[in-house]
Amino acid sequence: MLPVVALVGRPNVGKSTLFNRLTRTRDALVADFPGLTRDRKYGQANYEGLQFIVVDTGGISGDEQGIDMAMANQSLMAIDEADVVLFLVDARVGLTGADQGIAEHLRKQNKSVYVVANKVDGIDGDSESADFFALGLGDVNQIAAAHGRGVTQLLTHTLMPLAEQFPDMQVPEEEEVTQEQDAEKQLEKLLASPIKLAIVGKPNVGKSTLTNRILGEERVVVYDQPGTTRDSIFIPMERDGREYVLIDTAGVRRRRSISEAVEKFSIVKTLQAIEEANVVLLVIDAQEGITDQDLSLLGFVLNSGRSLVLAVNKWDGLDKDVKDEIKRELDRRLGFIDFARLHFISALHGTNVGHLFESVQEAYNSATKRINTSMLTRIMDMAQADHQPPVVRGRRVKMKYAHAGGYNPPIIVIHGNQVKDLPDSYKRYMMNYFRKSLKVMGTPIKVEFREGA
Ligand code: GDP
Ligand code: GDP
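Residues numbered from 1 in each chain as written. Chains lettered and ligands numbered in written order. Predicted model: local features only at pLDDT ≥ 70, side-chain atom pairs only at ≥ 80, totals over all residues.

The name given to the chain in an unreviewed UniProt entry is GTPase Der, with the source organism recorded as Paraglaciecola agarilytica NO2. Entered under Subunit (unreviewed entry) in the UniProt record, the comment concerning the chain runs "Associates with the 50S ribosomal subunit." Comment text from UniProt for the chain, heading Sequence similarities (unreviewed entry), reads "Belongs to the TRAFAC class TrmE-Era-EngA-EngB-Septin-like GTPase superfamily. EngA (Der) GTPase family." (UniProt positions renumbered as here; feature names shortened; annotations may be inferred.)

If you want it as structure tokens, here you go:
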């Protein structure tokens, strides 16, 4: 599990500037898949070795006539789901009535709230932010989100107290994880564990129906887990001699009434499930076509590097014309993800549900297929011979050797001279070459470039 950080504050204090800074590095992964718009409210952050989920609540208007009214439902829910609330204020504007209204609301929550005075660049931060002590929420943290000043200190101060509760939060330095021995250790751990399969999708696509269908066919051991709205349910199961843990974001076991069914969807829960999973099964509703929300969930999956299987559900009772039209639309809008298998299913009738697991298995096997230095270097040499790297600043880029840097997704680290200068088109060529040569399906692969031997 990753901690959830909510950014709260009136408009214009710099929430989206901070959000963008925190989520940028992870977005680099998605950038390889043009055609995806990123979610400007929810993001996977990876900043200075700390991983967490960040939510830009955005919805507080700052209207002084009753903060409760002004707060959109979304913001309230985001605060409710957060482990840490960063309450942003504008050091240039100073304390406003709206800030006080928000503070009053936050003081009633049983949450870790930190006051963050933004835009301290070029001003005397200490004196300009002194006013904010009056909010009664403790110390005032000074940052300049636009320039990154103070952000690392802020995160260290606010998140490190949670390190024990969220051990996955700290990622080792890049150089450390990409040692070959570490990759091997990671692989052995993955192979000794059950496959964690998350079933995700927007509300009403059929996740519960599908989960029940899958569980109905299998021997299940369900244990009760207490939890809040943002917690998924983990259900161990067996299939074809393999052990799985189903990560149920739909809350099958807890569902008792229609109203609960409406409330059960949470993007934070979905993000947590994706981060937790080895393989993600993304469910799309054939009868609704592909919506922006599907694409934004897809963006989260691609960003996480998890293996992916797509299920187009409610494929029953559709005319051939409609089916053809849906297939064309899928091709047009999802054609860019060439690594994931697509299944047309009916969770209601059970059609094709069995085949899903063949793809899940294949995706997991691909994500955990052992790769070694000699094999990767051989493939790299072939790629280099087929299509020479370009000349940069009068010298030809030379790739020297490749080794495994991690699994799920497979990471290939290439060392050489000036490899950092390779154009994106050549980097993509290398990724596709590895993909074809290694015959992986269902998982993205990452290729990283390191200067020198
Ligand atoms: P939001 O409405 O809270 O999401 O605020 P934005 O992130 O859109 O920022 C509002 C304005 O403040 C924009 O013009 C930003 O460029 C500016 N801004 C954000 N952070 C800083 C900062 O650290 N220093 C300065 N000087 N301006 C900032
Ligand atoms: P969730 O919110 O994603 O968990 O969706 P549910 O499993 O609660 O399903 C939402 C609605 O879609 C329910 O009325 C289901 O009966 C219906 N549904 C689910 N799967 C199918 C299917 O394969 N075909 C059809 N026609 N309806 C389905």
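## A short note on the overall build of the chain
A tally of regular secondary structure across the chain gives 16 helices and 17 strands. Evaluated residue by residue, the chain yields a buried proportion of 41% over its 453 residues. For the chain, long-range pairs separated by at least 24 residues make up 75% of all intrachain contacts whose partners lie at least 6 apart in sequence. (Helix = DSSP H or I, 4+ residues; strand = E, 2+ residues; numbered from the N terminus. Buried ≥ 20, exposed ≤ 12 C-beta atoms within 10 Å, placed from the backbone. Contact = placed C-beta atoms within 7 Å.)

## Structural notes on helix H11 (residues 267-276)
Taken across its 10 residues, H11 has nine buried, putting it largely inside the fold. Among the residues of H11, Ile267, Val268, Lys269, Thr270, Leu271, Gln272, Ala273, Ile274 and Glu275 are the ones counted as buried.

## What to know about the site of ligand 2
Around ligand 2 sit 17 residues, and of these Gly206, Lys207, Ser208, Thr209 and Leu348 come closest. Top element by residues in the shell around ligand 2 is helix H9 (residues 207-217). It accounts for three residues. (Near = placed C-beta within 6 Å.)

## What about the site of ligand 1?
In the neighbourhood of ligand 1, 15 residues make up the surrounding shell, with Gly14, Lys15, Ser16, Thr17 and Ala146 lying closest. If you tally residues by element for the shell around ligand 1, the top one is helix H1 (residues 15-30), at three residues.

## Considerations on the sheet that holds strand S17 (residues 446-451)
Strand order in the open sheet made by the three strands is S15-S16-S17, with mixed pairing throughout. Two strands close off the open sheet at either side, each with one partner strand: strand S15 (398-406) and S17. If you compare each strand with its neighbour and ignore which way they point, the axes differ by 25° on average. Across the sheet, helix H15 (residues 373-386) is in contact with S15 and strand S16 (411-417); its angle to S15 comes to roughly 140°. (Pairing = 2+ DSSP bridges. Axes fitted to C-alpha atoms, helices over the stretch in contact; angles between N-to-C directions.)

## Comments concerning the environment of Ser304
Inspection of the secondary structure puts Ser304 in helix H12 (residues 292-304). Here Ser304 falls in the buried class, since 22 other C-beta atoms lie within 10 Å of it. Taking C-alpha positions, Ser304 is 37 Å from Gly101, a pair spaced 203 residues apart along the chain. Other than its neighbours up to four places away in sequence, Ser304 contacts Gln44, Ile274 and Glu275.

## Comments concerning the sheet that holds strand S4 (residues 84-90)
Strand pairing in a sheet is mediated by backbone hydrogen bonds. Such pairs are either parallel or antiparallel. Spatial ordering of the open sheet is given by S2-S3-S1-S4-S5-S6, a layout of six strands whose pairing is mixed. The open sheet has two free edges, formed respectively by strand S2 (42-47) and strand S6 (140-142), since each of these has just one partner strand. Taken over all neighbouring pairs, the strand axes of this sheet differ in orientation by 35° on average, direction set aside. Pairing geometry for S2 and strand S3 (residues 50-56), over six bridges, is antiparallel. Bridge assignment links Tyr42 to a residue of S3, and that residue is Val55. On the sheet, H11 packs against strand S1 (4-8), S2 and S3 and is oriented at approximately 160° with respect to S3.

## Thoughts on the nonpolar core
Counting residues in each nonpolar core, the largest one holds 114 residues, and the members touching the most others are Leu197, Leu281 and Leu282. Excluding anything up to four places from it in sequence, Leu197 contacts Tyr244, Leu246, Ile247, Ala277, Val279, Leu281 and Val360. (Core = buried A, V, L, I, M, F, W, Y, C linked by C-beta atoms within 7 Å.)

## Thoughts on unusual backbone geometry
Here the residue pair Asn408 and Pro409 is connected by a cis peptide bond, since its omega of 5° sits within 30 degrees of zero. Structurally, Pro409 can be placed in the loop between S15 and S16. The phi angle at Glu48 is positive, at roughly 50°, despite the residue not being glycine. Along the chain, Glu48 falls in the loop between S2 and S3. For Glu48, a count of 13 C-beta atoms within 10 Å corresponds to the partly exposed category. The phi dihedral of Lys314 falls on the positive side, at around 65°, and the residue is not glycine. By C-beta crowding, Lys314 is classed as buried, having 22 other C-beta atoms within 10 Å.

## What about the pairing of strand S9 (residues 242-248)?
One ladder, built from five bridges, connects strand S7 (residues 195-200) with S9; its direction is parallel. Pairing of Ile199 across the sheet is with Asp248, part of S9. Strand direction decides the pairing type here: strand S8 (residues 233-239) and S9, joined by seven bridges, are antiparallel. Across the sheet, residue Ile233 finds its bridge partner in S9, namely Asp248. Where S8 hands over to S9, the hairpin turn is made up of two residues, of which Asp240 adopts a positive phi near 45°.

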